[in-house]
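Survey of secondary and tertiary structure
Take a look at the letters that make up each chain.
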Amino acid sequence: MSESILDRQPSSPDRRIPYGSEPLHFGELRLPDGLGPHPCAIAIHGGFWRNRYDVAHLGHLCAALTASGIATWNIEYRRIGDPGGGCPGTFQDVALAARFPFDNASRYNIDADRIVTIGHSAGGHLASWLAGGANAPG
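Residues numbered from 1 in each chain as written. Predicted model: local features only at pLDDT ≥ 70, side-chain atom pairs only at ≥ 80, totals over all residues. Heavy atoms only, no water.

Taken together, the 5 strands give an open sheet; going across it, the order is β1-β2-β4-β3-β5, and neighbouring strands pair in mixed fashion. The strands lining the two open edges of the sheet, one partner per strand, are β1 (15–18) and β5 (110–119). The average angle at which neighbouring strand axes cross in this sheet is 25°, direction not considered. Examined bridge by bridge, strand β3 (residues 38–44) and strand β4 (residues 71–75) share 5 bridges and lie parallel to one another. (Pairing = 2+ DSSP bridges. Helix = DSSP H or I, 4+ residues; strand = E, 2+ residues; numbered from the N terminus. Axes fitted to C-alpha atoms, helices over the stretch in contact; angles between N-to-C directions.)

Structure below.
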């Protein structure tokens, strides 16, 4: 029996939605019970910016936040080792993905005035970059 949360599958998201045209341009949307509008966290996984780690890396955190009443938009993006990953592709993907909850707030009953960005490890770097008024390089 494994003791690592990374060895356990997180619960399935409500929806897996593309945000762009590349195969790794998708996010996992989890919506809390109730009418909302719901606050939302844009979640960015880490993993040394490498493709070994993916969107499942933050799935458990997103499920816990959603159970607490916060919608989550857990994004996937191109990383080092993926075609187009690294600079500028990773930054372009993250910037594009971050628009989704704002552009679709009414459709998914998200409160566009209560959207935050969170990240783990390399995803924390990308979340900070977004919060600072990101402009994708390239």
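That was the structure; now back to the text.
On the surface, a nonpolar cluster with roughly 320 Å² of combined accessible area is contributed by Phe-48, Trp-49 and Ile-80. Here Ile-80 shows up in the loop between β4 and α2 (89–103). (Patch = residues over 30% accessible without salt bridge, like charges linked within 9 Å, V, L, I, M, F, W, Y side chains within 5 Å. Areas by Shrake-Rupley, 256 points an atom, 1.4 Å probe, with all protein chains shown as cover. Salt bridge = Lys/Arg side-chain N within 4 Å of Asp/Glu carboxyl O.)

Before going further, it helps to examine the pairing of strand β2 (residues 26–30). In terms of burial, β2 is a largely internal element, 5 of the 5 residues being buried. Residues Phe-26, Glu-28 and Arg-30 line one face of β2 and the alternating positions Gly-27 and Leu-29 line the opposite face, and both faces are buried. In the sheet, β2 pairs with β4 via 4 bridges, with the strands oriented antiparallel. Residue pairing in the sheet places Glu-28 in a bridge with Asn-74 of β4. (Buried < 20%, exposed > 50% of the residue type's maximum accessible area, 1.4 Å probe, protein only.)

Moving on, we come to unusual backbone geometry. The residue after Gly-36, namely Pro-37, is reached through a cis peptide bond having omega 10°. Checked against the element boundaries, Pro-37 lands in the loop between β2 and β3. The residue after Cys-87, namely Pro-88, is reached through a cis peptide bond having omega 10°. Checked against the element boundaries, Pro-88 lands in the loop between β4 and α2. Even without glycine at this site, Asn-109 takes up a positive phi of about 55°. The residue Asn-109 is located in the loop between α3 (105–108) and β5 in this model. Residue classification places Asn-109 among the partly exposed residues on the basis of a relative accessible area of 33%. Even without being a glycine, Ser-121 presents a positive backbone phi close to 55°. Judged by its relative accessible area of 53%, Ser-121 is exposed.

Turning our eyes to something else, we now look at α2. The α-helix winds at 3.6 residues per turn, so residues separated by three or four positions along the chain end up facing the same way. In a regular helix each residue adds 1.5 Å, so 15 residues correspond to 21 Å; α2 covers 21 Å between its end C-alpha atoms and thus fits that length. Three or more residues of α2 are buried, namely Gly-89, Thr-90, Phe-91, Asp-93, Val-94, Ala-97, Ala-98, Phe-100 and Pro-101. Elements that come into contact with the buried residues of α2 comprise β1, β3, β4, α3, β5 and α4 (122–131). (Expected span 1.5 Å × (residues − 1). Contact = heavy atoms within 4.5 Å.)

Moving on, we come to the packing of aromatic side chains. Tallied over the entire structure, the rule returns 3 aromatic pairs. With centroids separated by 5.0 Å and ring planes inclined at 75°, the aromatic side chains of Phe-91 and Trp-129 adopt a geometry described as edge-to-face. Here Phe-91, found in helix α2, pairs with Trp-129, found in helix α4; they are 38 residues apart in sequence, far enough to count as distant. Accessibility classification places Phe-91 together with Trp-129 in one group, the buried group. Summarising the aromatic geometry, the rings of Phe-100 and Tyr-108 are spaced 5.9 Å apart at their centres and angled 35° between planes, so their arrangement reads as tilted. For Tyr-108, a relative accessible area of 10% translates into the label buried. Of the aromatic side chains, those joined through ring pairs into one cluster are Trp-73, Phe-100 and Tyr-108. (Phe/Tyr/Trp six-rings, centres within 6.5 Å; stacked < 30°, edge-to-face > 60°.)

The values are spatial; any link to function lies outside them.
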